[in-house]
Amino acid sequence: MDNRPSIVLVHGAWADGSCWSGVIERLQADGYHVTAPQFPLTALADDLARLRQVLDLQDGPAVVAGHSYGGQIITSLGTEAPNVAGLVYIAAFGLDEGESLGALLSSGPPPPATEHLFTDPRGFGWLSEDDFVNHFAADVDPVRARVLYAVQQPLAGSAFTDVMGVPAWKSLRSWYLVATDDEAIPPDAERLFASRMGATTIEVPSSHVAMVSHPDEAARLIKTAAETCAGPTG
């Protein structure tokens, strides 16, 4: 009997579920049930509702992995995550109670990946092609990086002002992949997030999109989390 948890993958801003393709292939090859839904990015509440919708469809417990702003979504599960066995952060935000993305990001100069972030008339932020290809996905083949740029989903401006409640990592085991060449979230900030949550941590010489450029390492960390969270076999 296979008691391993299912896997739910949560993309971040300026991405969609396809960014997990390499990780999905590796997890499915090992027999895991994987879901990588599309998140609307229209408001944190909307994104959290989508995650809960997907979690309700899982047959048993799940390990939930988030990238970038996806970390904000999985952290927002708070204390109401009855079927979540563990959390995996892939170069992701892991805020504590009372913190917001905007306050965090305004504490220093804009990182190169978001230096030319622009807001459209509807209040959604987009990345420029140059920043996306050369900084956000700096270690991805430029042809593929431009495809990722073309399918980017913009993020609602309200996401930067939402204040975190009790974070889910306070009560769930966590794992963290630090991308040491990240130009979207400073690597030292990622190390701080990982340290505060007591996460099992690995470091990978990667750009912000580690699950794209280093799918082996990202998938391996998620599998480690799933194996650790699995119940005894019978």
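Structure shown above.
What counts, and at which threshold
- Residues numbered from 1 in each chain as written.
- Predicted model: local features only at pLDDT ≥ 70, side-chain atom pairs only at ≥ 80, totals over all residues.
- Heavy atoms only, no water.
- Phe/Tyr/Trp six-rings, centres within 6.5 Å; stacked < 30°, edge-to-face > 60°.
- Helix = DSSP H or I, 4+ residues; strand = E, 2+ residues; numbered from the N terminus.
- Buried < 20%, exposed > 50% of the residue type's maximum accessible area, 1.4 Å probe, protein only.
- Salt bridge = Lys/Arg side-chain N within 4 Å of Asp/Glu carboxyl O.
- Pairing = 2+ DSSP bridges.
- Contact = heavy atoms within 4.5 Å.
- Axes fitted to C-alpha atoms, helices over the stretch in contact; angles between N-to-C directions.
- Right-handed = clockwise from strand over helix to strand, strands pointing away.

Undergrad: Explain the packing of aromatic side chains here, please?
TA: How two aromatic rings sit relative to each other is given by the distance of their centres and the angle of their planes. All told, the structure shown has five aromatic pairs when counted by the stated rule. Here Trp14 and Phe136 contribute two aromatic rings whose centre-to-centre distance is 6.3 Å and whose plane-to-plane angle is 85°, an arrangement assigned as edge-to-face. Here the residue Trp14 occupies a position in the loop between strand E1 (6-10) and helix H1 (21-29), and Phe136 occupies one in helix H5 (residues 129-136), the gap between them amounting to 122 residues. Residue Trp14 shares its accessibility class with Phe136, and that shared class is buried. Ring geometry for Tyr89 versus Tyr176: centroids 5.9 Å apart, planes at 5°, classification stacked. Separated by 87 residues along the polypeptide, Tyr89 in strand E4 (residues 84-92) and Tyr176 in strand E8 (residues 173-179) bring together distant segments of the chain. Taken together, Trp14, Phe132, Phe136 and Tyr149 form an aromatic cluster joined through their ring pairs.

Undergrad: For this particular structure, what's the right way to read the pattern of salt bridges?
TA: When the charged atoms of two side chains with opposite charge come close together, those side chains can pair. Within this structure, the stated rule accounts for six salt bridges. The partner of Arg26 in a salt bridge is Asp216, with the nearest N and O atoms 2.6 Å apart. Of this pair, Arg26 sits in helix H1 while Asp216 sits in helix H9 (residues 215-229); the two residues are 190 residues apart in sequence, bridging distant segments of the chain. Residue Arg26 is classed as partly exposed on the basis of its relative accessible area of 27%. Look at Asp216 and you get partly exposed, because its relative accessible area is 41%.

Undergrad: Please clarify how the pairing of E8 should be interpreted in this entry.
TA: The side chains of a regular strand alternate, first on one face of the sheet and then on the other. Across the seven residues of E8, six count as buried, placing the element largely inside the fold. Examined bridge by bridge, E4 and E8 share five bridges and lie parallel to one another. What sits directly across from Ile90, in E8, is Leu177. Here E8 pairs with strand E9 (residues 200-204) via five bridges, running parallel.

Undergrad: Explanation requested: the environment of Pro142 in the structure shown.
TA: In this structure, Pro142 sits in helix H6 (residues 142-150). Sequence separation between Pro142 and Phe132 is ten residues, and the spatial gap between their C-alpha atoms is 10.0 Å.

Undergrad: Sorry, what's going on with the sheet that holds E9 here?
TA: Adjacent strands of a sheet form backbone hydrogen bonds with each other and so pair up, either parallel or antiparallel. Read across the sheet, six strands follow the order E2-E1-E3-E4-E8-E9 without closing on themselves; strand pairing throughout is parallel. In this open sheet, the two edge strands, each paired with only one partner strand, are strand E2 (34-35) and E9. The sheet contacts of H9 involve E1, strand E3 (62-68), E4, E8 and E9, and relative to E8 the element is tilted by about 170°.

Undergrad: Looking at this structure, I do not really get the pairing of E4. What am I missing?
TA: Most of E4 sits inside the fold, with eight of its nine residues counted as buried. With seven bridges joining them, E3 and E4 adopt parallel strand pairing. If you follow Ser68 over to E4, its bridge partner there is Ala92. Note that the unit made of E3, helix H3 (residues 69-75) and E4 has a crossover that is right-handed.

Undergrad: Looking at this structure, I do not really get unusual backbone geometry. What am I missing?
TA: Leave glycine aside and you will find that most residues have negative phi; peptide bonds, for their part, are mostly trans. You will see that Trp14, though not glycine, has its phi angle at about 60°, which is positive. Exposure remark for Trp14: the relative accessible area of 8% places this residue in the buried category. Positive phi, close to 45°, is recorded for Ala91, a residue that is not glycine. Within the secondary structure, Ala91 is located in strand E4.

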